[in-house]
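# Secondary and tertiary structure notes
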Amino acid sequence: MNRLAKRGSETLIEMVATDDDIAVLTKFKSTNPEGEESNGPLYETNSNAGSELPSSSEGLSSTETTLLISDHQGTAKRFNLFLRRRLMFDKRQQSKDSIFFCDGIRRIDYVLSYIDDPKQEGDKKMERRKEFENNLLKAGLELETEDKKDSEDGKTYFIKIHAPWEVLTTYAEVLNIKMPIRENDIPPTMENPFECMFGPFRLPKEVMNPEPDYFTAPFSKQRQELFFIEDENTFFSPSVRNRIVYYILSRCPYGTEEGKKKFGIKRLLSNGTYTAAYPLHDCQYWKKSKCGNERYTLYTQWARFLNFYKEQPLDLIRRYYGERIGIYFAWLGFYTEMLFFAAVVGLICFIYGLITMTGNMSSIEICNESIGGEIIMCPLCDKNCEYWKLNTTCESSRYSHLFDNVATLFFAIFMGIWVTLFLEFWKRRQARLEYEWDLVDFEEEQQQLQLRPEYEAKCTLKKKNPVTQEMEPYLPITSQALRFCFSGATVLFWISLIIASMIAVIVYRLSVYAAFASLMEDTETLQPISSLLTPQLATSVTASCLNFVIIMILNFLYERIAVWITDMEIPRTHLEYENRLTMKMFLFQFVNYYSSCFYVAFFKGKFVGYPGAYTYMFNKWRNEECDPAGCLIELTTQLTIIMAGKQIWGNIQEAILPWVWNWWRRRRARTNSEKLYSRWEQDHALQSFGALGLFYEYLEMVIQFGFITLFVASFPLAPLLALMNNILEIRVDSWKLTTQYRRPVAAKAHSIGVWQEILNGMAVLSVVTNAFIVAFTSDMIPRLVYYYAYSTDPNSPMSGYINNSLSVFQTSDFPNEPGANSGTFTTCRYRDYRYPPDHEKKYLHTMQFWHILAAKMAFIIIMEHIVFIVKFFVAWMIPDVPAEVKARIKREKYLTIQILHEYELNKLKENLCNRTDYQVEKEVIATQGKRDLAQVMA
């Protein structure tokens, strides 16, 4: 700890760049420690490292600038050490997996790459790079350039960046990063008595807990000796180091263009000045390395599909990729675990429908030749459709019972409660992770104080921040209003485009039904499958496939539009940017994916009219009717095709495409296999995960969550499909992140953010949609009304239901009688509850219709109230934060405050000899009083 005490005595001063700083290091550049001239060229960047730090006008706040330290003597000593080591180092001995500078000492924290192309604004880009790199040097970073002749393709330059100790400690304090001060001595919670049962699903302890549990505190340069520092090189983990370096890169200026100051690596990447910017993986994923093995461990223990039944090493994921990615995989894993229970119940409901399918009285009557075979149905279109017999829908009525039975009602209520349990238990799991990952005091408000570099660059006006009391850029209200109006108009236009495409699919359904009916009637080869593939089903399947293709095309277009209009709004912080983009993308995808399902569930067959007075769309196409067995089977078909198609396409897009692209890039790059294919070049050949990579992962899962909650009453197997997909999704995401993508920049997050509110909203909406599906889309309520009020056979209450649900129409009442076989029949039947043609209330709704409607409305009200009462009761019963976690948080806060105040008292005692007794007594009393007050407040 002597070294640390010496560091703790350094004086905090405000840094101003001087020529003397450079001169000190230049002197050491020409001579080695023994006074002789050094052999071999030194990198120019080494001589300037740490010499000058940017003022607040160059992208750093005055607080950051004040905290930075100039230590000429210490820098010179470290430079001598680098020199001595480098003279003994031969680059040819460097491992392909090396993650260090050529001296073999300084770790590479970040890599920039560029191609020097004089033909494409080469001079301008060169000036930007020179200015940007000079400002990075002034910020204290150390750079080392790999010439293009040493790269595999012979044309790419690589700039390796190292953050020295002074920079890391400064920005750790600026970013309020918590670091360990003492090993946690709180006794662990009692082990689960059933722990032995979960042994096959567990990973080794060293994988699950890669580091001890510590008490932590926000890092402070003035109190370095308080922190648990064994080695400066390993005190800050690689993920923390790359987070700090990216913070500097994103705010470093590179010049003034068009009267505006330009900031950040993101803009330099977009204008082609640099081709890539990324932190390095610590090793190759398929073999161990001397530099580090976390990536190898993640690949072998987490990313392999054969480990699909194993738990996820969340602590190692968080350590390697940061809390933000760690919390995503924690949520995805918990969601998948909860899906198991929903999938089991859904499978049981499906099996019940399968067992009772043969005994379903409705399908028995439809398939009976003497009942269904004698019922002549009215044509389903005006011109080319014939009169048809009811028993032609025999098979579809049987399959409809698989999903339209009494278990459907039970499953809809169960899923309403399951959603609540999932969300409430996730809050508890999230609270536990917040404690374990030192995120208890982390608030999103802290991120609100960190402006986006793009916001700083585009906003030229400034005003005082009421929180920081510093001048900062702002966007005028008038400009914000104009941008929001344009953004809103764009969103409405694209949503209107989706609705227009849905209407086009509906028109397709209406226009091709007659063609399918005529084709199946006239084609002999289709006769054997006509009982399975009815014109209604053929139309529904082809329309669903067409709708899925349109959905994918619109998704591809709108993803780019949403990013563009969000950039145009110039959000103030990264949190605002993500929230705005999230709401736009979710709103679009909600309409895009679910609009067709809403149409089939709540509109198709509901506004048809009756023979002789049909309802027409655009006065041209007659509205679709439901199958006599109900529209639920069509909703199931629509949901299955869209949900399964999306999952299959998503896995292809996430796994196969990155692998093919990386393989092709590696194949083109390896022109000379004898050259050193270095770690930075291997990572350069990988795909970039991107700032929005995690956003799309969340979006995919939330859309899936909508499918299994909003329409689950029509498809009890949806949770099972989602479970199987998510088991694969976890391993695909981990595999591609570990093997196919560059290492993402670590970022903090204490929750899943705005997605939590979206899930809560969908949970409430799902209760309403499932109640309406059971009431209006399925045939359950009409059957129950018939069973209890209109049945005439006590031995078989449901017999006669089909005949009761079909009304009679006199064919002579058609304005223009349809069908080629017109004149053959005097009456036909249609699905409705209307008086017959010989009744005084001809073709008006019967009293049974109003009874059924009243029963449907009563069911909706009762079901919603029951589910909502249970949901709120369950949410009230389950606290968001476990009592044990609350106690541990309070205990840790108390002990941490005690440690910090003991440190303050010890520091005070060291200064006794330089103070009067009266001054010492006052400070001791004040410090002890502050400590007592803090303990009471904790």
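The structure we're discussing is the one just above.
Summary of the structure given here. (Residues numbered from 1 in each chain as written. Predicted model: local features only at pLDDT ≥ 70, side-chain atom pairs only at ≥ 80, totals over all residues. Heavy atoms only, no water.)

### Points about the packing of aromatic side chains
Enumeration according to the criterion identifies 62 aromatic pairs in this entry. When the ring of phenylalanine 422 is compared with that of phenylalanine 705, the centres are 5.9 Å apart and the planes differ by 40°; the resulting orientation is tilted. Residue phenylalanine 422 is located in helix α17 (residues 406–436), and its partner phenylalanine 705 is located in helix α25 (residues 693–710); the two are separated by 283 residues in the primary sequence. With a centroid separation of 5.6 Å and an interplanar angle of 45°, the aromatic rings of phenylalanine 598 and phenylalanine 602 are classed as tilted. Of this pair, phenylalanine 598 and phenylalanine 602 both sit in helix α22 (residues 574–602), four residues apart, roughly one helical turn. Of note, arginine 560 hangs over the ring of phenylalanine 556, and the distance from its end group to the ring centre comes to 3.9 Å. The side chain of arginine 743 reaches across the aromatic face of tyrosine 320, ending 3.8 Å from its centre. (Phe/Tyr/Trp six-rings, centres within 6.5 Å; stacked < 30°, edge-to-face > 60°. Helix = DSSP H or I, 4+ residues; strand = E, 2+ residues; numbered from the N terminus. Lys NZ or Arg CZ within 6 Å of the ring centre and 35° of its normal.)

### Topic: the packing of α17 against helix α30 (residues 847–877)
Two elements in contact, α17 and α30, have axes separated by 9 Å at closest approach and are oriented at 25°. If you check the angle between α17 and α30, you find them roughly parallel. α17 and α30 meet at a crossing whose hand is right-handed. Between α17 and α30, the residues in contact are Leu409, Ala412, Ile413, Gly416, Ile417, Val419, Thr420, Leu421 and Glu424 and Phe859, Met863, Val867, Val870, Lys871, Val874 and Ala875, respectively. Across the contact of α17 with α30, the residue classes break down as twelve nonpolar, two polar and two charged. (Axes fitted to C-alpha atoms, helices over the stretch in contact; angles between N-to-C directions. Parallel < 35°, antiparallel > 145°, perpendicular 65-115°, else oblique. Left-handed = near helix turned anticlockwise from the far one by under 90°. Contact = heavy atoms within 4.5 Å. Nonpolar A, V, L, I, M, F, W, Y, C, P; charged D, E, K, R; others polar.)

### Describing the pairing of strand β1 (residues 110–115)
Two faces, one strand: in a regular strand the side chains alternate between the faces of the sheet. Of all six residues in β1, five are buried, a share of seventy percent or more. Bridge analysis of β1 against strand β3 (residues 156–162) gives six bridges, and the strand direction is antiparallel. Bridge pairing in β3 links isoleucine 115 to threonine 156. Bridge count for β1 against strand β8 (residues 276–278) is three bridges, and the pairing is antiparallel. In the sheet register, serine 113 faces β8, and the bridge partner there is alanine 276. (Buried < 20%, exposed > 50% of the residue type's maximum accessible area, 1.4 Å probe, protein only. Pairing = 2+ DSSP bridges.)

### So, the pattern of salt bridges
Going through the model one piece at a time under the given rule, you end up with 27 salt bridges. Its salt-bridge partner being lysine 160, residue glutamate 144 comes within 2.8 Å of it at the nearest N-O pair. Of this pair, glutamate 144 sits in strand β2 (residues 142–146) while lysine 160 sits in strand β3, and the two are 16 residues apart along the sequence. Lysine 160 gets classed as buried once you look at its relative accessible area, which sits at 0%. Between aspartate 832 and arginine 834 there is a salt bridge, with the nearest N and O atoms lying 2.8 Å from each other. On the basis of relative accessible area, aspartate 832 is assigned to the buried category, the value being 14%. Linked through salt bridges whose partners overlap, the residues forming this network are Glu569, Glu576, Arg580 and Lys584. (Salt bridge = Lys/Arg side-chain N within 4 Å of Asp/Glu carboxyl O.)

### Overview of the side chain of threonine 777
Considering the arrangement of structural elements, one finds threonine 777 in helix α27 (residues 754–777). Under the relative-accessibility criterion, threonine 777 is labelled buried at 3%. There is a polar contact of 2.4 Å between the side chain of threonine 777 and the backbone oxygen of alanine 601. Excluding residues that lie within four positions of it along the chain, threonine 777 makes contacts with Ala601, Lys606, Cys631, Leu632, Leu635 and Phe772. (Polar contact = N/O pair within 3.5 Å; in protein donor to acceptor, adjacent residues only side chain to side chain.)

### Observations concerning unusual backbone geometry
Notably, aspartate 438 is not glycine yet its phi reads approximately 60°, a positive angle. Looking at the element boundaries, aspartate 438 is found in the loop between α17 and α18 (444–448).

### Considerations on the environment of arginine 106
Here arginine 106 is to be found in the loop between α5 (72–87) and β1. Expressed as a C-alpha distance, the spacing of arginine 106 and histidine 162, which sit 56 residues apart in the sequence, is 6.5 Å. At 2.6 Å, the side chain of arginine 106 forms a polar contact with the side chain of aspartate 103.

### Structural notes on the environment of aspartate 813
The topology assignment puts aspartate 813 in the loop between β17 (806–810) and β18 (827–831). For aspartate 813, a relative accessible area of 28% translates into the label partly exposed. For the pair aspartate 813 and proline 611, spaced 202 residues apart in the sequence, the C-alpha separation amounts to 8.3 Å. In this structure aspartate 813 touches Pro837, Lys842 and Tyr843, once residues within four positions along its chain are discounted. There is a polar contact of 3.2 Å between the side chain of aspartate 813 and the side chain of lysine 842. Within polar-contact distance, the side chain of aspartate 813 engages the side chain of tyrosine 843 at 2.7 Å.

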